[in-house]
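A look at the structure
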There are 2 protein chains.
Amino acid sequence: MLPIRPDRFLADLHALRSFGAAGVGKGVVRPAYSEPDIAAREWLAGRMRDAGLSVHVDPVGSVFGLAEGRSLLMGSHTDSQPEGGWLDGALGVIAALEVARASVEAGGPPVSVVSFQDEEGRFGVTTGSAVWSGNLSLDKADGLSDRDGLSFAEARARMPGRSEGFVEPGRFSGFLEMHIEQGPVLDREREAIGVVDAIVGIRDMKITLVGEQNHAGTTPMQGRRDAFQALSRFNALIAERFANVVTPSTVWTIGHVTLHPNASSIVPGRVKFSMQWRDGDADRLGRMERIILETAEEVASSGGFDLDFGPMLGLEPVQMDMRLRGALEGAAESEVPGRWRVMPSGALHDATNLSKLMPVAMLFVPSINGISHAFGEDTDEADLVTGLRVLAGAVEALG
Amino acid sequence: MLPIRPDRFLADLHALRSFGAAGVGKGVVRPAYSEPDIAAREWLAGRMRDAGLSVHVDPVGSVFGLAEGRSLLMGSHTDSQPEGGWLDGALGVIAALEVARASVEAGGPPVSVVSFQDEEGRFGVTTGSAVWSGNLSLDKADGLSDRDGLSFAEARARMPGRSEGFVEPGRFSGFLEMHIEQGPVLDREREAIGVVDAIVGIRDMKITLVGEQNHAGTTPMQGRRDAFQALSRFNALIAERFANVVTPSTVWTIGHVTLHPNASSIVPGRVKFSMQWRDGDADRLGRMERIILETAEEVASSGGFDLDFGPMLGLEPVQMDMRLRGALEGAAESEVPGRWRVMPSGALHDATNLSKLMPVAMLFVPSINGISHAFGEDTDEADLVTGLRVLAGAVEALG
């Protein structure tokens, strides 16, 4: 096995947390291009150089530590949510750094390291890797703004030491990303490792139903075209109809609801709500989409509502590369026999974009109580080290 | 029959509309204590004097036209919603004026007329009649403010010609209020008159369910405590359980919903919503309340939600006086045989407050398409005149 050093790995992980440490538990406030984010990236670049890698900061501020010649690329991101935890992204970057460092020390296979910029989507969605992969043009990205109206172009100009050009993807043989699960499954099942089979695809649309706004006292139930009641009926019907289509990994969410006029004495005449569903299988996403469209049309036409579907956001599921995934599975079975599982990733990651450029695979470690995107995010340090060891084992196996 | 003059009645109704005419259809913008409202009340006082009534403007700006000695009181209000119609309130005042005027001319029974101030609740709820009836103290009313922070005390000081004292309720034998239905029933059934049996009671509360906010991608359906799903389940269950308790006149409404954090990619952890129900029968309101409380508790405990009930607004149903109501029914049957009905009032009216002081009864005429509290509010003029004739017939019968 590569001579990885858990103590050095954990020390670096805690050092990274000191940039933007929130003072609440192990919380971190280090959004993309903030002062702590830029300082953390400069610190990281120094650690990469110390490890014998050559640093390349690309035009959007993603920080690469490059091994010589053709190499495996590993990493994640070091920017955080506005109120985030210490592991989301950071874990994958520091684990990659430790493996690359150990490999240099032992004369092992060449490993490059990356921290992508703005994975958490202050401006777009996984913005740094989206631009590198070509999923988002730099011109288009520059036109994006954060909530305060700051443009991506202005923000990325703040990042010092940027190169003129992007790294050539052809120099990498594949991409491995280690990440916290951000869900409850491994923690609940007391398993140490999840090897990802697919990053789920997402469909997301806003649906609007327009009925009739009325006085809540003088309008009999029978004649109402109450938009909230229509939403509630739609919600119950799709749950019934999904039952024959979904798997235990499938999820769907109505997370946003806006009623109009939203007053207790008025029968609501209009509702706009979000309908989001995720699954690792593109066919299943399509079958769910048909159920959603047909059910909304049925609820609307039977109840006398006007119906509008907003534009649909669609991201296809991404299958992990079988060779890379096999190396992770082999290392997991050797490290924690019977205490790992194959599972989908319900969240997007930089690996989604990188699948356009090269083979990708992902590794999960447990999130305590499934908590993430919050100050309370945490993982037992023993589990972090187990993940590091599996990653190192896979790199060694891949040669 | 008293020598009512439909042309004079309609001319006065249109003259009143000219104060605050919105320029959209027959719309009116004449909120309480606005310049158009004060001007309209001065005009009304003049018409009362012309009709031989003595004018009394009470301390809050309600305008009385008093007949000598003990009399029947009739009227409603001349203030409008911020964006209102030409008939809501105005119809009852001008119909009362015409009947009082005709009665004076013919030496019929003495009839006094009133336009209460702020029925539409710029400051409170049916504020002018609430103060007169003692349901709301003048001190407490003075502390109420409108949306812009203007106090009721400041607003009522704008009304010229106010007396020091309130009218003595004991001089009236009862109160009759004619009003538009503000609902669709009479219009849909092509009936001309509704005689009100009760003004419905209202219960209104805010309910909060707190589950767990989670990532919409990484949290399996099985472990979710999704506040929107809890609301949807509650909504379906109460509809089922109400079925054995309600009548076709019972209404209930979830008109206000606030989800938190209300984002498409986050399982909503909290929902606050309004639950309002109305019925003419106090027992039924109570039975519905028990269903609501028990169902919310069941949904919360079975799904692992925290539950909070906000303070409950409760207004008891008000029964109409049988003698006054009988006079209206007799006049309706003689005027439009078979084309009238007994029905509850789903909306509050000044009569609700006056029931504390004297016997009350109410008469409805149709609202085209049930529209009210909007510029589009209207009623066929033939129906307005039918209502006037029924009112006059009832006054004559009551002697």
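Residues numbered from 1 in each chain as written. Chains lettered and ligands numbered in written order. Predicted model: local features only at pLDDT ≥ 70, side-chain atom pairs only at ≥ 80, totals over all residues. Heavy atoms only, no water.

Per an unreviewed UniProt entry, chain A goes by the name Zn-dependent hydrolase and belongs to Marivita lacus. Check the Subunit (unreviewed entry) section of the UniProt entry for chain A; it says "Homodimer." Taken verbatim from the UniProt record of chain A, the Cofactor (unreviewed entry) comment is "Mn(2+)". (UniProt positions renumbered as here; feature names shortened; annotations may be inferred.)

Moving on, we come to the interface of chain B and chain A. If you look at the interface, chain B gives 43 residues, while chain A gives 43 residues. Around 3600 Å² of area is buried between chain B and chain A when both sides are counted, 51% of it from carbon and sulfur atoms. Our count for the contact surface shared by chain B and chain A stands at zero salt bridges. Here chain B and chain A share 21 residue pairs in polar contact (both at pLDDT 80 or more) between them. When residues of the side of chain B that touches chain A are traced back to their parent elements, those giving at least two are α8 (227-242), β9 (251-253), β10 (257-260), β11 (266-267) and β12 (270-279) of chain B. Considering each element in turn, the side of chain B that touches chain A owes the most residues, five residues, to α8(B). Across the side of chain B that touches chain A, the residue classes tally to 18 nonpolar, 21 polar and four charged. (Contact = heavy atoms within 4.5 Å. Buried area = accessible area lost by both parts, 1.4 Å probe. Salt bridge = Lys/Arg side-chain N within 4 Å of Asp/Glu carboxyl O. Polar contact = N/O pair within 3.5 Å; in protein donor to acceptor, adjacent residues only side chain to side chain. Helix = DSSP H or I, 4+ residues; strand = E, 2+ residues; numbered from the N terminus. Nonpolar A, V, L, I, M, F, W, Y, C, P; charged D, E, K, R; others polar.)

Residues at a pLDDT of 70 or more form 100% of chain A, whose mean pLDDT is 96. With pTM at 0.87, the complex prediction returns an ipTM value of 0.88. (pLDDT = per-residue confidence, 0-100.)

Residue and element names in this part refer to chain A. An ideal rise of 1.5 Å per residue puts 16 Å on 12 residues; helix α1 (residues 6-17) measures up with 17 Å between its terminal C-alpha atoms. Turning to α1, its buried residues number three or more, namely R8, F9, L10, D12, L13 and L16. The elements touched by buried residues of α1 are α2 (35-50), α3 (90-106) and α12 (381-398). (Expected span 1.5 Å × (residues − 1). Buried < 20%, exposed > 50% of the residue type's maximum accessible area, 1.4 Å probe, protein only.)

Residue and element names in this part refer to chain B. Here α8 contains 16 residues, and its C-alpha end-to-end distance of 22 Å stays within 8% of the 22 Å for a straight helix at 1.5 Å per residue. Taken together, the buried positions of α8 are A227, F228, A230, L231, S232, F234, N235, L237, I238 and F242. The opening residue of α8 is D226, an N-cap whose side-chain oxygen sits 2.9 Å from the backbone nitrogen of F228.

Here the focus is the packing of aromatic side chains. Overall, the coordinates contain 24 aromatic pairs over all chains when judged by the stated rule. Plain terms: the ring middles of F64(A) and W132(A) are 5.1 Å apart, the flat faces sit at 70° to each other, and that makes the pair edge-to-face. With F64(A) in strand β2 (residues 63-66) and W132(A) in helix α4 (residues 127-133), this residue pair connects regions lying 68 residues apart in the sequence. Accessibility classification places F64(A) together with W132(A) in one group, the buried group. Between F234(B) and F273(B), the aromatic rings sit 5.4 Å apart at their centres with planes inclined by 55°, giving tilted as the arrangement. With F234(B) in helix α8 and F273(B) in strand β12, this pair connects stretches of sequence that are 39 residues apart. F273(B) sits in the buried class, given a relative accessible area of 0%. (Phe/Tyr/Trp six-rings, centres within 6.5 Å; stacked < 30°, edge-to-face > 60°.)

Attention shifts here to the relation of the copies chain B and chain A. Rotating chain B by 179° and moving it 0.3 Å along the rotation axis overlays it on chain A with an RMSD of 0.3 Å. One copy is carried onto the other by what is essentially a two-fold rotation axis. Nearest to the rotation axis, the C-alpha of S232(B) is located 2.6 Å from it, this being the minimum over chain B. Take the interface residues of chain B: 100% of them recur as interface residues in chain A, which is what a same-surface contact looks like. (Least-squares fit on C-alpha atoms with pLDDT ≥ 70 in both.)

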